[in-house]
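Spelled out from the first residue to the last, the chains are:
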Amino acid sequence: MMGADLKRGWCPSLLRPMESGDGWLVRVRPRAAVITAVIARAVAGAATRYGNGRIEITNRANLQIRGLRPETVEPFAAAMEAVGAADDGPAILVSPLAGSDPGVAAETLDLAAAIARASGLALPAKFGVLIDGGGALPLAGLSLDVTLRAAGGRWLLDGAEVAVEDAAARALALAEVRACAPRQVAGRTDTRPALGFHPYGDGRQGAVLLAPAFGQLQATQLSSLADLAERLGDGSLRPTPWKSLAIAGVERRDEGLLRDLARQIRLMTEPDDRRLGIVTCVGAPSCSRGEVETYAAAESLALSRHEGDPLLHLSGCAKGCAHPGPAEVTLVGENGRFTFIRRGRPGNEAVAHGLTLAQCAALMQSVPA
Ligand code: SF4
């Protein structure tokens, strides 16, 4: 697994680590949308033992473990294999509540499994398939290279109706074509998770959506979440593409308690949390390309923001990993200062270069959205 694959530019996975400023990083994919409590504790333990204890939730709903060393990459993978979490197949983003919420189309997980079984398919590293079965947490507004979406009892493949029995084969055929001629998938315009309780159809049960600040968990938080999922949910954690986690199968009477306990482990639980309007990457020093410390800057900027403020993308460098789409304001790190872009993405025409954080905050206040 090490060797030829250990180079920059790969989309990392469990078996293909990628080097960053704070060591090697790997990703653990949920299987059938789920990270079980057992797997979550194993990830937390291995992230502490073999990495630096920092775990991110990616916008493909993977867990990204940071700070591994060359000699700890293989022990980490072995720890994941021991709990059945070594999945290196095609990247499939499935409705987070599939298998728990009766409102998610019944075929969702079967379609994901059928596509995952097509192991001969050689897809580019960043190629993704999205399967949106609807329900209480639909993936509406998101698209990947190939998108299957349930709509009113039908399945749509990139918007065109497809018979459910043909859906996996048709999606795979389309993936093969697209893999040879990648196209630009429209970026997302907003990534804010709707934190809180999302009831299933009968209203008695549902899922609680929680988020770590800026998508970054500590291993101890992940371990505590596993305990909460077993105590008040169905024992599963479900990473979402909104850099958050859902605890599924929660009784309505328990959702307030669950949120109280989640706040005690420093998770965001309320949809009006001011930090939710900021999307940022890991930045410096953890990413070797980072030109500013993004988390500290994001915490500082959050203090002067209000609920409903337009999206702010704070990017450690011009690559813009955290948010491929446009944002109302994009700040790009440049030699320890910031480039200010309005209604665009990194690389678009800038309003100003070389600003301090205070100057950025003042500019955001002075120019109304
Ligand atoms: S945007 Fe730049 S600094 Fe941020 S994670 Fe990507 S490469 Fe690193």
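All values reported here derive from a predicted model rather than from experimental measurement.

Rules used throughout
Residues numbered from 1 in each chain as written. Predicted model: local features only at pLDDT ≥ 70, side-chain atom pairs only at ≥ 80, totals over all residues. Heavy atoms only, no water. Buried < 20%, exposed > 50% of the residue type's maximum accessible area, 1.4 Å probe, protein only. Helix = DSSP H or I, 4+ residues; strand = E, 2+ residues; numbered from the N terminus. Arc of directions from axis to C-beta. Contact = heavy atoms within 4.5 Å. Axes fitted to C-alpha atoms, helices over the stretch in contact; angles between N-to-C directions. Parallel < 35°, antiparallel > 145°, perpendicular 65-115°, else oblique. Left-handed = near helix turned anticlockwise from the far one by under 90°. Nonpolar A, V, L, I, M, F, W, Y, C, P; charged D, E, K, R; others polar. Pairing = 2+ DSSP bridges. Core = buried A, V, L, I, M, F, W, Y, C linked by side-chain atoms within 4.5 Å. Domains from an automatic or database assignment. Salt bridge = Lys/Arg side-chain N within 4 Å of Asp/Glu carboxyl O. pLDDT = per-residue confidence, 0-100. Buried area = accessible area lost by both parts, 1.4 Å probe. Polar contact = N/O pair within 3.5 Å; in protein donor to acceptor, adjacent residues only side chain to side chain. Near = heavy atom within 4 Å.

**So, helix α3 (residues 108-117)**
Among all positions in α3, only T108, L111, A112 and I115 are buried. Angularly, the buried residues of α3 cover 100° about the axis, an arc narrow enough to put them on a single face. Seen from the open side of α3, the exposed residues pointing more than 90 degrees away from its buried face are D110 and R117. Of the surrounding elements, those touching the buried residues of α3 are β6 (92-94), β7 (129-132), β8 (146-151), β9 (154-157) and α4 (164-180).

**Things to note about the packing of helix α1 (residues 37-50) against helix α5 (residues 219-232)**
For the pair α1 and α5, the least separation of the axes is 8 Å and the interaxial angle reads 165°. When the axes of α1 and α5 are compared, the pair comes out roughly antiparallel. When the axes of α1 and α5 are compared, the crossing they make is left-handed. Along the contact surface, α1 presents A37, A40, R41, V43, A44 and T48, while α5 presents A219, L222, S223, A226, D227 and E230. Split by residue class, the contact of α1 with α5 holds seven nonpolar, two polar and three charged.

**A look at the sheet that holds strand β20 (residues 352-355)**
Strand order in the open sheet formed by five strands is β16-β17-β18-β19-β20, and the pairing between neighbours is mixed. Edge positions in the sheet fall to β16 (278-280) and β20, since each has one partner strand and no second. The mean inter-strand angle of the sheet, taken between neighbouring strand axes irrespective of direction, is 25°. Strand contacts of helix α8 (residues 357-366): β17 (312-315), β18 (327-334), β19 (337-344) and β20, with the helix running at about 25° to β19, the strand carrying the most contacts.

**Details of the nonpolar core**
In terms of nonpolar packing, the biggest core is built from 44 residues, with V28, I65 and F76 touching the most fellow members. It is α1 that contributes the most residues to this core, nine residues altogether. Of the residues that make up this core, three or more belong to each of domain 1 (1-191) and domain 2 (196-269). In this view, V28 contacts L14, I35, V43, N62, L63, I65, F76, M80 and A85; residues no more than four positions away in its chain are not counted. Grouped together as the second largest cluster of nonpolar side chains are 40 residues, V94, A112, L130 and A246 included.

**Describing the pattern of salt bridges**
Under the definition given, this model contains 16 salt bridges. D227 is the partner of R41 in a salt bridge, and the nearest nitrogen-oxygen pair spans 3.0 Å. Here R41 is found in helix α1, whereas its partner D227 is found in helix α5, with 186 residues between them in sequence. Of the residues examined, R41 reaches a relative accessible area of 29% and is grouped as partly exposed. R154 serves as the salt-bridge partner of E161, at 3.0 Å between the closest nitrogen and oxygen. You can call R154 partly exposed: its relative accessible area is 38%. Connected via shared salt-bridge partners are E255, R259, D260, R263 and E270.

**Some details on the confidence of the model for the protein chain**
Detail in the predicted coordinates should be disregarded across regions flagged by low pLDDT. Residue-level pLDDT values for the protein chain average 90, and 91% of them are 70 or greater. Confidence drops under a pLDDT of 50 for residues 1-9, and excluding neighbours within four residues, the segment shows 19 contacts in the predicted structure.

**A short note on the sheet that holds strand β14 (residues 236-240)**
Strand order across the open sheet formed by five strands is β3-β14-β15-β12-β11, with antiparallel pairing between neighbours. Edge positions in the open sheet fall to β3 (35-36) and β11 (196-199), since each of these has one partner strand only. As judged from the four bridges shared by β11 and strand β12 (residues 205-210), these two strands associate in the antiparallel manner. By the bridge assignment, P199 is partnered in β12 with G206. In this fold α5 packs onto β12, β14 and β15 (244-251), with an angle of close to 20° to the strand it touches most, β15.

**Topic: the domain arrangement of the protein chain**
The assigned domain composition of the protein chain is domain 1 (1-191), domain 2 (196-269) and domain 3 (276-366). Note on domain 2 versus domain 3: buried area summed over both sides is about 570 Å², and carbon and sulfur give 66% of it. Three residues stand out in domain 2 for area buried against domain 3, namely F214, Q216 and K243, and they jointly supply 82% of the buried area on that side. Seen at the junction of domain 2 and domain 3, the total is zero salt bridges. Run the count over domain 2 and domain 3 and you get zero residue pairs in polar contact (both at pLDDT 80 or more). Residue composition of the side of domain 2 that touches domain 3, grouped by class: three nonpolar, one polar and one charged.

**Observations concerning the site of the ligand**
Residues in contact with the ligand, as listed here, are C281, C287, R289, G290, S315, G316, C317, K319, G320 and C321. Grouping the amino acids of the shell around the ligand by side-chain chemistry returns four nonpolar, four polar and two charged.

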